[in-house]
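# Commentary on secondary and tertiary structure
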Amino acid sequence: MRDTFNRKIDYLRISVTDRCNLRCRYCMPEEGVPSVGHGQVLSFEELFRVARIAVEQGVCKIRLTGGEPLVRKGLISFVERLCQLPQQPELTLTSNGLLLAAQAGELKSVGLQRVNVSLDTLKPERFEQITRRPGLEQVLAGIYAAEAAGLLPLKLNMVPIRGVNADEIADFARLTFAHNWQVRFIEFMPVSGGLDYPPESRFSAAEITEVLRGIAPLQELARKGPAGPARLFQYAGAKGVVGVIPAVSEHFCGECNRLRLTSDGFLRPCLFCENEIDLRTPLRAGCSDDDLVRLLRGAVEIKPERHHLAEEQGVQTRIRKMQGIGG
Ligand code: SAM
Ligand code: SF4
C-alpha cells in the first residue's frame, strides 16, 4: 500500500490491550485506565481478521504492544495464528518484561521473532518510583529469558528524563560492552496531557548523543535500508549497539511506514494525530473482507505528511494516551 506521499505502508502495530501491570508515571494514571468494558476491546478473532487483511494488502511486519501485551490471556495462540499466515509476516512484541521470563520460550516456539523490552532504570527503588510497582528483578529475568530463548536481536528501550533517570544513560550504554543488545534511548513524547514530564526535564536526542560520546569513542553505523527511526552507534570492542530515537526533535515522518490498530478497534494512521478509522462498528455489523480492505486503504489515504509535536506549545489534551495506542 502507498499513501498520498508515496510512502510504502507495510508495518502494523496492534495494541492488544490498554491494561497494564505497571503504572509508569508518564504513561498510566495511578488507578489504571478507566474500564472500557470487555465488549469494546476487539476479540483475538477480530484482531486476527484485521491483521490477516492487512497482511494480504502488503503488511509484512506486525508488532504487538499495549498496555502490556503479555497480560492478555490467549496471546500465545494469537501469535501462533499470525505466524501461520501464508505470507509469514515478521512478528515482534514490545513489553515491559515483567511476564517475559514465563512466556519467552513459548512465544519463540510459536514463531515470535523479537522483543523490545522497555526499561527506564537499573535501580530497584527507582524502578518502583517510576512504575509505581516493584519488579526490576523480574524484568531483568525476562530480558535474559528472551535472550536465551533466541528472541534476537534483543532491544532495550529507555526514556531518559532529567532529575529522574537521565543519570543512568551511561550505565545503560555500557550494557552494550558485555551484551549483544541494542540499547535505545528515546526522546520523551508529550502526548499524555497531565502525565507528561515538563519540557525542561525532557532530554533531546542531541543531549543523549553528547552523553553517549562522553563515555568512549563512538562510531555511527550506516543505515541499512529503512532501518526505522533509530540512529545507531557502536563503541569500539562492544558486543551490542546503542541507538538514539529523536522521536520529537527530528521527526522521521518521511520514512514512516506504520499503521496502528488500537485494542478497541480503531485504525490510527499516525501516533500523534487524532484521526482514526472505526473498524469495530463495521466488524460487528458483519462487514465483508472487501469493506475492511476499503477501510484499511482509507486509513492509509488519510495518513498525514508529518506530525507537529515539536511546534506544539503547552499541555495537549489528546483523546488517547500512550497506553491506549501502544507507542
Ligand atoms: N507496556 C509495554 C512497554 O512498556 O513496553 C508496551 C506499551 S508502552 C506504551 C510502549 C513504549 O512506550 C514503552 O517503551 C514506553 O516507555 C513508551 N512510552 C510511553 N509513554 C511515552 C512517552 N510519553 N514518550 C516516549 N515514550 C513513551
Ligand atoms: Fe505499562 Fe508500558 Fe505504559 Fe509502563 S509504558 S505503564 S509498562 S503500558
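Further up the page is the structure itself.
My aim in this report is to walk through the structure given alongside it, one point at a time. Nothing here was measured: the structure is a model prediction, and the numbers come from that model.

### Section: the site of ligand 1
- In the vicinity of ligand 1 lie 15 residues, with Tyr26, Gly67, Thr94, Ser118 and Met189 positioned nearest.
- Within the side chain of Tyr26, one N or O atom sits 2.9 Å away from an oxygen atom of ligand 1.
- One of the backbone N or O atoms of Met189 is found 2.7 Å from a nitrogen atom in ligand 1.
- Here the shell around ligand 1 is built from residues that sort into five nonpolar, eight polar and two charged.

### Quick word on the pattern of salt bridges
- Counting across every chain of the model gives 15 salt bridges.
- A cluster of three or more residues bridged by salt bridges with shared partners is formed by Arg49, Arg52, Glu56 and Asp289.

### A few points about unusual backbone geometry
- With omega at -5°, the peptide bond leading from Leu152 into Pro153 counts as cis.
- By the element assignment, Pro153 lies in the loop between helix H5 (136-149) and strand E5 (155-158).
- We note that Asn6 has phi near 65°; this positive angle belongs to a residue other than glycine.
- Turning to its location among the elements, Asn6 is positioned in the segment before strand E1 (11-15).
- Note on Asn6: relative accessible area 52%, which makes it exposed.
- The backbone of Arg132 shows a phi angle near 60°, a positive value even though the residue is not glycine.
- Along the polypeptide, Arg132 turns up in the loop between helix H4 (124-131) and H5.

### Comments concerning the side chain of Glu46
- Of note, Glu46 is situated in helix H1 (residues 44-56).
- The contacts of Glu46, once residues within four sequence positions are left out, are Val41, Leu283 and Arg284.

### With respect to the sheet that holds strand E6 (residues 182-186)
- As summarised here, the arrangement of the 12 strands in space is E7-E8-E9-E6-E5-E4-E3-E2-E1-E10-E11-E12, forming an open sheet in which the pairing is mixed. Both outer strands of the open sheet, strand E7 (218-220) and strand E12 (277-278), are each paired with one neighbouring strand and no more.
- Examined bridge by bridge, E1 and strand E10 (residues 258-261) share four bridges and lie parallel to one another. In the sheet register, Tyr11 faces E10, and the bridge partner there is Arg258.
- Against the sheet, helix H7 (residues 205-215) contacts E6, E7, strand E8 (231-235) and strand E9 (241-245), and its axis sits at roughly 160° relative to E9.

### Things to note about the pairing of E9
- Of all five residues in E9, five are buried, a share of seventy percent or more.
- Across the two faces of E9 the burial is the same, with Val241, Gly243 and Ile245 and Val242 and Val244 all buried.
- As judged from the three bridges shared by E8 and E9, these two strands associate in the antiparallel manner. Its bridge partner lying in E9, Arg231 is registered against Val244.
- From the end of E8 to the start of E9, which pair antiparallel, there are five residues, and Gly237 there has a positive phi angle of about 80°.

### Quick notes on the packing of helix H3 (residues 100-110) against H5
- Following both chains from N to C, one finds H3 and H5 inclined at 15°, their axes separated by 8 Å at the closest point. On the basis of the axis angle, H3 is roughly parallel to H5. Both H3 and H5 take part in a crossing whose hand is right-handed. Residue-level contacts link Leu100, Ala101, Ala104, Gly105 and Lys108 of H3 to Ala141, Gly142, Ala145, Ala146 and Ala149 of H5.
- Tallied by class, the residues present in the contact of H3 with H5 amount to seven nonpolar, two polar and one charged.

Reading guide: rules and limits
- Residues numbered from 1 in each chain as written.
- Chains lettered and ligands numbered in written order.
- Predicted model: local features only at pLDDT ≥ 70, side-chain atom pairs only at ≥ 80, totals over all residues.
- Heavy atoms only, no water.
- Near = heavy atom within 4 Å.
- Polar contact = N/O pair within 3.5 Å; in protein donor to acceptor, adjacent residues only side chain to side chain.
- Nonpolar A, V, L, I, M, F, W, Y, C, P; charged D, E, K, R; others polar.
- Salt bridge = Lys/Arg side-chain N within 4 Å of Asp/Glu carboxyl O.
- Helix = DSSP H or I, 4+ residues; strand = E, 2+ residues; numbered from the N terminus.
- Buried < 20%, exposed > 50% of the residue type's maximum accessible area, 1.4 Å probe, protein only.
- Contact = heavy atoms within 4.5 Å.
- Pairing = 2+ DSSP bridges.
- Axes fitted to C-alpha atoms, helices over the stretch in contact; angles between N-to-C directions.
- Parallel < 35°, antiparallel > 145°, perpendicular 65-115°, else oblique.
- Left-handed = near helix turned anticlockwise from the far one by under 90°.

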